[in-house]
Amino acid sequence: MAVNLSAIKDLLLPGLRGITGKYDQIPSQWDKIFTKHNSKMALERTADMRYLGYAQLKNEGGQTSFDNNAGERFVYNQEHLEIALGYAITRKAIDDNLYKTQFHPSNLGLMESFSQTKEIYGANVLNTAQTYNASIGGDGVALCSTSHPIDGSTVANTPVTQQDLNEGSLLNSMIAVRTNFRDNAGLKVFARARKLIVPPQLEPIAIRLTKTELRPGTADNDVNAILSTSGGLPEGYIVNDYLTSAYAWFLLTNIDGMSYMDRVPFETDMQVDFVTDNLLVKGYARYSFSYYNWRAIFGNFPTS
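(A) View of the nonpolar core. Core analysis: the biggest nonpolar cluster contains 63 residues, and Leu143, Leu170, Leu196, Val198, Phe250, Leu251 and Met258 have the highest contact counts within it. Sorting elements by how many residues they give to this core places strand β11 (residues 279–291) first, with six residues. If we skip the residues at most four places from it in the chain, Val198 touches Leu165, Glu203, Ala206, Tyr237, Ile238, Val239, Asn240, Leu243 and Trp249.

The structure is reproduced here in structure tokens:
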């Protein structure tokens with residue numbers, strides 16, 4: 001049913017002091033986590049390759065070892081979603097509205113609706129990071145797992161025992177990124193934590209851990225090792241208001257792999273229905289949030 005006179009009955013009479021209901025929006029957060037890519041296909045696929053392993057010792061006069069195992073290991077799929085919303089408003093509700101500058105029929109908040117929807121879909125990649133999504137494919141385990149397969153072994157980007165955010169757990173996670181991350185052939189990669197991602201409930205802890213020059217939570221005169229270990233956290237921390245857990249936290253690394261693909265940017269359209277004279281307004285966008293390299297992130301998922 002279209003927005004009609006009964007839905008805006010007080011806007012039909014003079015004397016209203018004003019109209020409320022629109023508020024300042026939370027600044028964009030997804031773009032602090034994901035790398036934006038433009039897309040021209042319905043389904044984007046990224047192949048994860050295996051290159052050469054370690055060189056081998058050669059004895060005098062002996063044969064050179066050959067590594068012929070290079071090639072494709074995993075394929076990550078990213079299929080775009082269609083996002084749409086519209087509304088109808090009657091001709092009488094438009095004509096008789098005395099407060100069009102404050103409650104304009106062509107702008108009832110589509111942009112705000114689409115912006116927050118995008119944030120929810122982006123955060124959902126982190127909120128479901130422990131659940132394997134078969135449509136993505138990849139290496140056959142969840143984004144954050146203790147058993148990402150590489151040739152001859154596995155690598156973890158989450159601890160076996162999940163840890164609350166504190167000085168020790170943050171340092172351990174930063175060191176784990178540096179020491180444990182390897183490529184598909186088992187070679188160490190240059191991986192460093194660069195940004196801490198927390199829900200609003202953990203922001204006070206994040207501030208204490210990343211904003212003090214001395215060791216947090218002690219009376220000692222030690223330096224704060226978080227600021228320097230493995231290069232520190234050069235991008236500090238960010239709060240994501242759309243994380244569903246009050247306890248989960250993440251480290252974003254220097255390795256690209258968190259992906260936002262824009263297939264059709266947000267657009268709006270409107271027309272008057274010939275039969276009803278209703279004004280029809282709609283918005284449309286097509287995009288997807290996903291990942292193609294688990295080394296882009298390290299996650300902790302304590303439950304209390």
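(B) Just the sheet that holds β11, in detail. Ordered by their spatial adjacency, four strands build an open sheet running β1-β10-β11-β4, and the pairing between neighbours is mixed. The sheet is open, and its two borders are formed by β1 (35–38) and β4 (81–89), each paired with just one other strand. Along the sheet, successive strands turn relative to each other by an average axial angle of 30°, direction set aside. Inspection of the sheet shows β4 paired to β11 by nine bridges, in the antiparallel sense. Looking at the pairing, Ala84 lines up with Tyr284 of β11. Lying over the sheet, helix α2 (residues 110–127) contacts β4, β10 (258–272) and β11, oriented at roughly 20° with respect to β11.

(C) Layout of the sheet that holds strand β7 (residues 193–198). Pairing is mixed across the open sheet formed by four strands, whose spatial order is β8-β7-β9-β12. Whereas interior strands pair on both sides, the edge strands pair on one side only; in this sheet they are β8 (237–239) and β12 (297–300). Looking at each pair of strands side by side, their axes are set apart by 20° on average, direction ignored. Note that strand β9 (residues 249–253) and β12 share four bridges and pair antiparallel. From the neighbouring strand, Leu252 faces β12, where its bridge partner is Ile297. The strands that helix α3 (residues 167–180) touches are β7, β9 and β12; relative to β9, the one it contacts most, it runs at about 35°.

(D) The arrangement of α2 in detail. With 18 residues, α2 extends 25 Å between its outermost C-alpha atoms, agreeing within 8% with the 26 Å of an ideal straight helix rising 1.5 Å per residue. All of the buried residues in α2 are Leu110, Phe114, Lys118, Glu119, Gly122, Ala123, Val125 and Leu126. Looking at the buried positions of α2, the neighbouring elements they touch are β4, β7, β9, β10, β11 and β12.

(E) Structural context of the pattern of salt bridges. Throughout the structure, instances matching the rule amount to 10 salt bridges. Between Asp31 and Lys32 there is a salt bridge whose closest N-O contact spans 3.2 Å. Using a relative accessible area of 38% as the deciding quantity, one classes Asp31 as partly exposed. For Lys32, a relative accessible area of 38% puts it in the partly exposed group. The salt bridge involving Lys36 is made with Asp262; its shortest N-O contact spans 3.9 Å. Of this pair, Lys36 sits in strand β1 while Asp262 is found in strand β10, placing the two residues 226 residues apart along the sequence. Each of Arg50, Asp67, Arg73 and Asp151 takes part in one network of salt bridges that share partners.

Basis of the calculations
Residues numbered from 1 in each chain as written. Predicted model: local features only at pLDDT ≥ 70, side-chain atom pairs only at ≥ 80, totals over all residues. Heavy atoms only, no water. Core = buried A, V, L, I, M, F, W, Y, C linked by side-chain atoms within 4.5 Å. Buried < 20%, exposed > 50% of the residue type's maximum accessible area, 1.4 Å probe, protein only. Helix = DSSP H or I, 4+ residues; strand = E, 2+ residues; numbered from the N terminus. Contact = heavy atoms within 4.5 Å. Pairing = 2+ DSSP bridges. Axes fitted to C-alpha atoms, helices over the stretch in contact; angles between N-to-C directions. Expected span 1.5 Å × (residues − 1). Salt bridge = Lys/Arg side-chain N within 4 Å of Asp/Glu carboxyl O.

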